[in-house]
Amino acid sequence: MAKITLDNLAHSYLPNPGAEDDYALKQLDHVWADGEAYALLGSSGCGKSTLLNIISGLLQPSQGRILFNDEDVTHAPTTERNIAQVFQFPVVYDTMTVRDNLAFPLRNRGRDEAYVAQRVQEIARMIGMEAELDRKARGLTADAKQKISLGRGMVRKDVNALLFDEPLTVIDPHMKWELRTQLKSLHHEFGHTMIYVTHDQVEAMTFADKVMVMFEGEIVQVGTPEELFENPNHTFVGYFIGSPGMNFLPCTLVGNVARVGGTSIILDDEVAALGRKAKGALELGIRPMYLEVHGRAVNGGIPVRIKAVEDQGTFKILTLTLEGQVVRARLPEDKAVPDDMAWVRFPPERTKLFADGRLVKRAG
Amino acid sequence: MEKWENNKAWFLILPVFIIVAFSAIIPLMTVVNYSVQDIFGPGQRVFVGTEWFEEVLSDKRLHDALWRQFLFSGLVLLIEIPLGILIALMMPKRGWGVSVCLVTLALPLLIPWNVIGTIWIIFTRPDIGLLGAAINSFGVAFDHTAAPMDAWITLILMEVWHWTPLVTLLAYAGLRAIPEAYYQAAKIDGASAWATFRYIQLPKMRGVLTIAVLLRFMDSFLIYAEPFVLTGGGPGNSTTFLSIYLVKIAVGQFDLGPAAAFSLVYFLVVLLFSWLFYQALQNVGKGREG
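The shown structure was predicted, so the numbers you read here are calculated from the model rather than taken from an experiment.

(A) Expanded view of the overall build of chain A. Of regular secondary structure, chain A possesses ten helices and 22 strands. Evaluated residue by residue, chain A yields a buried proportion of 42% over its 364 residues.

(B) Here's a closer look at the sheet that holds strand 21 (residues 352–355) of chain A. Residues and elements named next belong to chain A. Across the sheet, which stays open at both edges, the four strands sit in the order 11-15-21-22 with antiparallel pairing between neighbours. Both outer strands of the open sheet, strand 11 (247–250) and strand 22 (358–359), are each paired with one neighbouring strand and no more. Inspection of the sheet shows strand 15 (residues 282–286) paired to strand 21 by four bridges, in the antiparallel sense. When the bridges of strand 21 are listed, G285 appears paired with K352.

(C) Structural detail: the interface of chain B and chain A. Across the contact, 19 residues belong to chain B and 24 residues belong to chain A. If one sorts the elements of the side of chain B that touches chain A by residue count, helix 8 (residues 180–188) of chain B sits on top with six residues. Partitioning the side of chain B that touches chain A into residue classes produces nine nonpolar, five polar and five charged.

(D) Just the sheet that holds strand 5 (residues 71–72) of chain A, in detail. All names here are of chain A. Taken in spatial order, the four strands of this open sheet run 2-1-4-5, and their pairing is antiparallel. Of all strands in the sheet, those bounded by a partner on one side alone are strand 2 (25–32) and strand 5. As paired strands, strand 4 (residues 63–68) and strand 5 are joined by two bridges and run antiparallel to one another. Across the sheet, residue F68 finds its bridge partner in strand 5, namely E71. Sitting on the sheet, helix 1 (residues 48–56) touches strand 1 (4–11), strand 2 and strand 4, and the angle it makes with strand 1 is about 120°.

(E) Layout of the pairing of strand 21 of chain A. Residues and elements named next belong to chain A. By the bridge criterion, two bridges tie strand 21 to strand 22 in an arrangement that is antiparallel. Opposite A355, over in strand 22, you have R358 as the bridge partner. Counting the residues that bridge the hairpin from strand 21 to strand 22 gives two residues, and of these D356 lies at a positive phi of roughly 50°.

(F) Examining the packing of helix 1 (residues 8–35) of chain B against helix 13 (residues 256–283) of chain B more closely. All names here are of chain B. Remark: helix 1 packs on helix 13, axes separated minimally by 7 Å, with the N-to-C direction vectors making an angle of 125°. Looking at the two axes, helix 1 sits oblique to helix 13. Considering only the axes of helix 1 and helix 13, their crossing is left-handed. Packed against helix 1, whose contacting residues are V31, V32, Y34 and S35, the element helix 13 presents L256, G257, A260, A261, S263 and L264 at the interface. Grouping the constituent residues of the contact of helix 1 with helix 13 by class yields seven nonpolar, three polar and no charged.

Criteria and thresholds
- Residues numbered from 1 in each chain as written.
- Chains lettered and ligands numbered in written order.
- Predicted model: local features only at pLDDT ≥ 70, side-chain atom pairs only at ≥ 80, totals over all residues.
- Helix = DSSP H or I, 4+ residues; strand = E, 2+ residues; numbered from the N terminus.
- Buried ≥ 20, exposed ≤ 12 C-beta atoms within 10 Å, placed from the backbone.
- Pairing = 2+ DSSP bridges.
- Contact = placed C-beta atoms within 7 Å.
- Nonpolar A, V, L, I, M, F, W, Y, C, P; charged D, E, K, R; others polar.
- Axes fitted to C-alpha atoms, helices over the stretch in contact; angles between N-to-C directions.
- Parallel < 35°, antiparallel > 145°, perpendicular 65-115°, else oblique.
- Left-handed = near helix turned anticlockwise from the far one by under 90°.

From the geometry alone we can't say anything about function, so treat these as descriptive.
Laid out in structure tokens, this is it:
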């Protein structure tokens, strides 16, 4: 088990990268604490898999260093790094039995057969494949094959880190939940450093203590699920986390008032003061559940037109138009929905300001 | 109301029936026809039953040719399949080298077969041939027209040179089709180069190698043009393969009845062994799948 440090790391798939856009992974400095479970969340093509492959040594970074504890492993081959990695699509050795598949990583490292047999049995129980141990891996379903891949990842106890690259994509929903729970319990039991790549926020939130959000080759925020929800550092985090995502409205600042078209929205004084100093295009952001919706004119209320109401069972989602832009609000199921017009209020303490996509932060 | 049957589909597959009839069934039935009759001329034919088959099957020279044929095909497969895989493994995976290798490999496959024979006659001539003269200059007597062993060596060399590229191309295509994730997983699992070959590359090449083995078996078992040009079946009968012997009977002696019986036996042997190879390759390493 190890602490993993990325020092000034960057990667480009081009031989001679120039502009920032040439980089699949922009400059990163980051430390993964020993024994923590992280989720790496981001949309497709944001550099998540690139980052994993650099950690496991399948890819050499264009610049920077990787350290396991304090040892520089940037140029060490994959085998020496002692990393377990599970990929998105199942990889099994077709001609081997399930048992030999699970034993393969141990046998390659010369562990004695008694130990191998014992570990294989433990892992088989964990992934629920004890009955199939002597079957060939060839004819199995995608589900079962991916369970074998997971099992091969978990069979070594002494790995420096366990990396999962969207491992549950091909698994049935009910099995997904079960396997995720098992991964979590494995983490509690052995305390491996785990990095779990996914583009599913629910998966990320349920698996990890800390969620890292990646966007266009950058880690834009690291935090607990709650931190990501309450204080998104970047418009991408606001948009990606939460369902539906955060509302964003381009605005200009006059004093402590944000102007969206002809509408004025009062902001927190301190945020507004920082916003006036910030560079770049300003955007107002608010979570749908924090937007107050009233059926009649209220003090500070902004009139909006209701375009659609979606009843999601435990809550309702309202689609509204404000100054020609779409805004979503989330209401509890028992709250009455106004007919055609509504008045919305932006509580200043819940209303965020973003400059060039980044959160305008209060001091402290 | 009576049930109305739609038989239009028959018209749609009729062209295929006609083509197959003319390309396979009718010629084959002609051969069957010859194989059970003694034909003296138009209208003069006698039904002889299995006589020709009995004659052919007890022919000592045919037995010799058959064993020669098995030896030849066996050697060809033993050399060409591993060699073809080895070359495919060594080929570059990307870049300009790929096209260079592919074109170079494909060259022998583009040359007409009788020209191949001619090339190797000249190449191995003891007096002026590049290879033949070189070997003889080392003091080793080498002449494929005189020594049966030399004739065999030349034939096998020629066959390997001519057809290994086909195995290589098939194996290379098979290797390129393996997803990168398998190699990555093998690295993560700490697999050696041998283990990677044994448990990933070889099993993933099963399909293309089945095709390679079948094609190489059938082609080498039916080989005619190259040995006919190179050795004419000699020295003596040492390189008289089945097809060469068959042509001697059919064209040389004009014994159409025995030749037809021979052809059918030949055909069945190829069919039987192709089926055996196919079954063996499909089942290798299969085990219990439940």
